[in-house]
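Analysis of the macromolecular model
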Amino acid sequence: MEGSSADLISSLLPLVALFAIFYFLIIRPQQKQAKTHKEMVSNLKKGDKIVTNGGLMVEVTKVEDDYFVVKNSDGTEMKLIREFVAKLLED
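Cut-off values and rules
Residues numbered from 1 in each chain as written. Predicted model: local features only at pLDDT ≥ 70, side-chain atom pairs only at ≥ 80, totals over all residues. Heavy atoms only, no water. UniProt positions renumbered as here; feature names shortened; annotations may be inferred. Helix = DSSP H or I, 4+ residues; strand = E, 2+ residues; numbered from the N terminus. Phe/Tyr/Trp six-rings, centres within 6.5 Å; stacked < 30°, edge-to-face > 60°. Core = buried A, V, L, I, M, F, W, Y, C linked by side-chain atoms within 4.5 Å. Buried < 20%, exposed > 50% of the residue type's maximum accessible area, 1.4 Å probe, protein only. Contact = heavy atoms within 4.5 Å. Patch = residues over 30% accessible without salt bridge, like charges linked within 9 Å, V, L, I, M, F, W, Y side chains within 5 Å. Areas by Shrake-Rupley, 256 points an atom, 1.4 Å probe, with all protein chains shown as cover. Salt bridge = Lys/Arg side-chain N within 4 Å of Asp/Glu carboxyl O. Lys, Arg positive; Asp, Glu negative; His and termini not counted.

UniProt marks residues 6–26 with the feature "transmembrane region" (unreviewed entry), using the numbering shown here. Structurally, residues 6–26 comprises 100% helix and 0% strand, and the distance from its first C-alpha atom to its last is 30 Å.

Moving on to the environment of Gln30. Here Gln30 is to be found in helix 1 (residues 2–42). Each C-alpha atom, one on Gln30 and one on Ser73, is 32 Å from the other, the two residues being 43 residues apart in sequence.

Before going further, it helps to examine the packing of aromatic side chains. Throughout the structure, instances matching the rule amount to 1 aromatic pair. Here Tyr23 and Phe24 contribute two aromatic rings whose centre-to-centre distance is 5.2 Å and whose plane-to-plane angle is 80°, an arrangement assigned as edge-to-face.

Another aspect to go through is the nonpolar core. If you look at the biggest cluster of nonpolar residues, it comprises 10 residues: Met40, Val41, Leu44, Ile50, Val58, Val60, Phe68, Val70, Leu80 and Val85. Every element with two or more residues in this core is listed here: helix 1, strand 2 (57–63) and strand 3 (67–71). Excluding residues within four positions of it along the chain, Leu44 makes contact with Ile50, Val63, Phe68, Val85 and Leu88.

Time to look at a nonpolar patch on the surface. Residues Leu8, Leu12, Leu15, Val16 and Leu18 make up a contiguous nonpolar surface patch of about 490 Å² in total accessible area. Following the sequence through the fold, Val16 ends up in helix 1.

Inspection of the secondary structure assignment puts Arg82 in the loop between strand 4 (77–81) and strand 5 (85–88). Salt bridges are absent for the buried Arg82, whose nearest opposite-charge side chain, Asp65, sits at 5.9 Å.

This is the structure in C-alpha cells:
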C-alpha cells in the first residue's frame with residue numbers, strides 16, 4: 001500500500017504544479033486587471049476623457065447606472081455601456 005500511495009502522489013505532482021503555474025501566470029493577473037478596470041469605470045465622472053473599445057476618444061457628460069452619455073469631438077452625444085470603456089485618458 002505504501003508504494004501505491006507514493007505512485008499516486010508522484011503522478012499527481014506534475015498536475016498540481018501545472019495548475020499552480022497556470023494560476024499564477026494567467027488567472028491571477030487577469031483577475032487583477034479586471035478588478036482595476038472595474039474600479040476605474042466606477043470612478044469615472046463628468047468631464048473625464050476616455051477611450052472606448054472601438055477606439056473613439058470621447059468625454060463623459062453624464063453618468064448613469066448602466067451607461068454613460070458621452071460627447072464626441074464634433075459635439076455629438078451618444079450612450080456608451082459601461083463595459084465598453086477601454087481606458088481613461090490622463091491629461
